[in-house]
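# Breakdown of the fold
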Amino acid sequence: MRLSEILRLVWLNLSQNKFKVILTSIGIVVGSATIMMVLAIGTGGRQEVAEQFKNLNAGAIDITYEGGSSTQMFSMAQGGGEVSMTFSAPGGGGGPDMGGGGFFSFGGGDNSRINQEDITLTTEDCEDLSVFVPSISDVTISYSTTTSVGGGDMESSSYYTIAGVEDNYAQISNLEMAIGDFLTEENNESKEKVCVLGASAAQEIFGSAYEAYDGVVYIDDRPYIVAGVLTEMGTVASGINPDSTIFIPYETGIKYITGDNISPTITVIAEDVNQVETVITNIETVLADSYPNAEFTISDAGSKMEAASASNETLTLLLISMAVIVFVVGGIGIMNVLFVSIKERTNEIGILKALGCSRKDILLEFLLEASCISLIGAVVGVLLSLGITPLVESFSVRVSLSLSGAVLSLLFGVLTGSIFGFYPAYKASRLVPVVALNQE
């Protein structure tokens, strides 16, 4: 029998049993849609993780003390191997005093006289770390707070995150300038009222980065010249969004906005990401000498990134397992329907064999029927996944559909029908013509 004749028989059988085809393919529809959504969600998850950590500088280590300050911590460790150390003194309750006995330098003195409630990390601690901790390439300090901001095209003041940073912050955090320059060491030393706006902040306040550049914003009712605007960066893993943050010189913020009531973060960059743990140990040693009996909380952003990636992979694997189970169930459905169909069409099979159709022709006919049913289900499943994507995205789940995902879904669907349809087709091809013709 020619292939065209076999295909015509397949078409006639499918078109005459539309409802049965629909019911048979439901499992494949669900499986195909699941496979496509799994791949889309998995890809979206990987993209989300990549965007969250794209600002991270490999080998960055954050050191923070939280003893009693009400100011929000600004996590500086935007580096692939970030480690955040949060230092909290036992029993600390009062607001830390930056100028008080919080820092105790190397070279003598009675460390036991340090008042744990008044600990505030300072630039002197940065100098100590740069001198006494080997294998580090850079160190900086920062803090953040929230205050009112006005100016530009704003009709009324609004609250923004204000980050007090040093000149090397942009390099450590992999921030890029859209226009203008980042803060300089001279800005910090002279406590100049200048600032750098995040992309979103510039858009909201001035309408565009170009309009914002060299403009004036009023931070806590004081005028600041906009020295530059950052390119759009996106939210980083630490939860700080550079796009909506306004950066000012570290000392300027202390003088005009926060006073000494800050909880700064020191960021150390390890030269070798493989030596981060060793650098952490050395940092703990140095700070333990300066702040005896203080307790530090360590958070490694590199581990966070690995955990986020592992979590995404685990979720993807779980969803794939579910899709495979659905496909198996759908395949079993196709197998059962074909067995019933063979039982109903025994006489037809006997007639075909009596007319000279070979076992191969019968096998191919039923196998093509199974494949066509699964293909129809796979196509409907792909269309279904396209339709439910907006619904999935409404739950804040990132979905990244792709052509390769659709092709893979179709392939899985056809393979499922072919694999599970083979045995019924094989049984049909093995029927003896005389027995088949005599079958009631």
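Everything below is about the structure shown above.
Before going into details, it helps to say that this report is about the structure given with it. In this text the structure is predicted, and so the values were computed from the model without any measurement. (Residues numbered from 1 in each chain as written. Predicted model: local features only at pLDDT ≥ 70, side-chain atom pairs only at ≥ 80, totals over all residues. Heavy atoms only, no water.)

Looking only at helices and strands, one finds 14 helices and 11 strands in the protein. Out of the 440 residues in the protein, the part that is buried amounts to 46%. At a minimum sequence separation of 6, the contacts of the protein that also span at least 24 residues come to 76%. For the protein, the exposed area adds up to about 20300 Å²; of that, 56% sits on carbon and sulfur atoms. (Helix = DSSP H or I, 4+ residues; strand = E, 2+ residues; numbered from the N terminus. Buried < 20%, exposed > 50% of the residue type's maximum accessible area, 1.4 Å probe, protein only. Contact = heavy atoms within 4.5 Å. Areas by Shrake-Rupley, 256 points an atom, 1.4 Å probe, with all protein chains shown as cover.)

The α-helix winds at 3.6 residues per turn, so residues separated by three or four positions along the chain end up facing the same way. Every buried residue belonging to helix 11 (residues 346-354) is among Thr346, Ile349, Gly350, Leu352 and Lys353, and all of these are buried. Buried residues along helix 11 cover an arc of 160° about the axis, so they all sit on one side. Glycine 356 sits one or two residues past helix 11 and shows a positive phi near 110°. (Arc of directions from axis to C-beta.)

This part covers the packing of aromatic side chains. Taken as a whole and assessed by the stated rule, the structure comprises 6 aromatic pairs. Summarising the aromatic geometry, the rings of tyrosine 169 and phenylalanine 247 are spaced 5.5 Å apart at their centres and angled 40° between planes, so their arrangement reads as tilted. Taken together, the residues span a long stretch of sequence, with tyrosine 169 in helix 4 (residues 169-172) and phenylalanine 247 in strand 9 (residues 245-249) at a distance of 78 residues. Residue tyrosine 169 is classed as buried on the basis of its relative accessible area, which comes to 0%. When the ring of phenylalanine 422 is compared with that of tyrosine 426, the centres are 6.3 Å apart and the planes differ by 20°; the resulting orientation is stacked. Here tyrosine 426 and phenylalanine 422 lie together in helix 13 (residues 403-429), a separation of 4 residues that amounts to about one turn. (Phe/Tyr/Trp six-rings, centres within 6.5 Å; stacked < 30°, edge-to-face > 60°.)

Taken together, the side chains of Asp167, Glu185, Glu186 and Glu189 present a region of like negative charge at the surface. Within the element layout of this structure, glutamate 186 appears in helix 5 (residues 185-189). (Patch = residues over 30% accessible without salt bridge, like charges linked within 9 Å, V, L, I, M, F, W, Y side chains within 5 Å. Salt bridge = Lys/Arg side-chain N within 4 Å of Asp/Glu carboxyl O. Lys, Arg positive; Asp, Glu negative; His and termini not counted. Charge placed at Lys NZ, Arg CZ, Asp CG, Glu CD.)

Where nonpolar side chains cluster on the molecular surface, the patch consists of Leu375, Val379, Leu383, Leu386 and Leu401 and spans about 400 Å² of accessible area. Its location among the elements puts valine 379 in helix 12 (residues 359-393).

Another aspect to go through is the packing of helix 3 (residues 123-132) against helix 9 (residues 276-290). Between helix 3 and helix 9, the shortest axis-to-axis distance is 10 Å and the interhelical angle comes to 135°. Accordingly, the angle class assigned to the pair helix 3 and helix 9 is oblique. Helix-helix and strand crossings are classified by hand; for helix 3 and helix 9 the assignment is right-handed. On the side of helix 3, the interface is formed by Asp128, Leu129 and Phe132, while helix 9 contributes Ile283, Val286, Leu287 and Ser290. The residue makeup of the contact of helix 3 with helix 9, split by class, is 5 nonpolar, 1 polar and 1 charged. (Axes fitted to C-alpha atoms, helices over the stretch in contact; angles between N-to-C directions. Parallel < 35°, antiparallel > 145°, perpendicular 65-115°, else oblique. Left-handed = near helix turned anticlockwise from the far one by under 90°. Nonpolar A, V, L, I, M, F, W, Y, C, P; charged D, E, K, R; others polar.)

Listing the buried residues of helix 6 (residues 199-206) in full gives Ala201, Ala202, Ile205 and Phe206. Looking down the long axis of helix 6, one finds its buried residues gathered within 100° of arc, a one-sided arrangement. Directly after helix 6, the chain includes glycine 207, whose backbone phi takes a positive value near 100°.

With a phi close to 65°, serine 135 is a non-glycine residue in the positive phi region. Summarising the element assignment, serine 135 is placed in the loop between helix 3 and strand 3 (136-151). Here serine 135 falls in the partly exposed class, since its relative accessible area comes to 40%.

The next subject is the nonpolar core. Counting 26 residues, the largest nonpolar core has Ile63, Leu129, Ile266, Val268, Val279 and Ile283 as its most contacted members. When residues of this core are traced back to their parent elements, those giving at least two are strand 1 (60-65), helix 3, strand 3, helix 8 (250-258), strand 10 (265-270) and helix 9. In terms of residues, this core owes the most to one element, helix 9, which gives 6 residues. Discounting residues that sit within four places of it in the chain, valine 268 has contacts with Gly59, Ala60, Ile61, Ile63, Leu129, Ile136, Asp138, Val139, Val279 and Ile283. With 20 residues, the next largest nonpolar core counts Val149, Ile162, Val217 and Val226 among its residues. (Core = buried A, V, L, I, M, F, W, Y, C linked by side-chain atoms within 4.5 Å.)

This brings us to the pattern of salt bridges. By the definition in use, this model includes 1 salt bridge. For the salt bridge of aspartate 220 with arginine 222, the shortest nitrogen-to-oxygen distance reads 3.9 Å.

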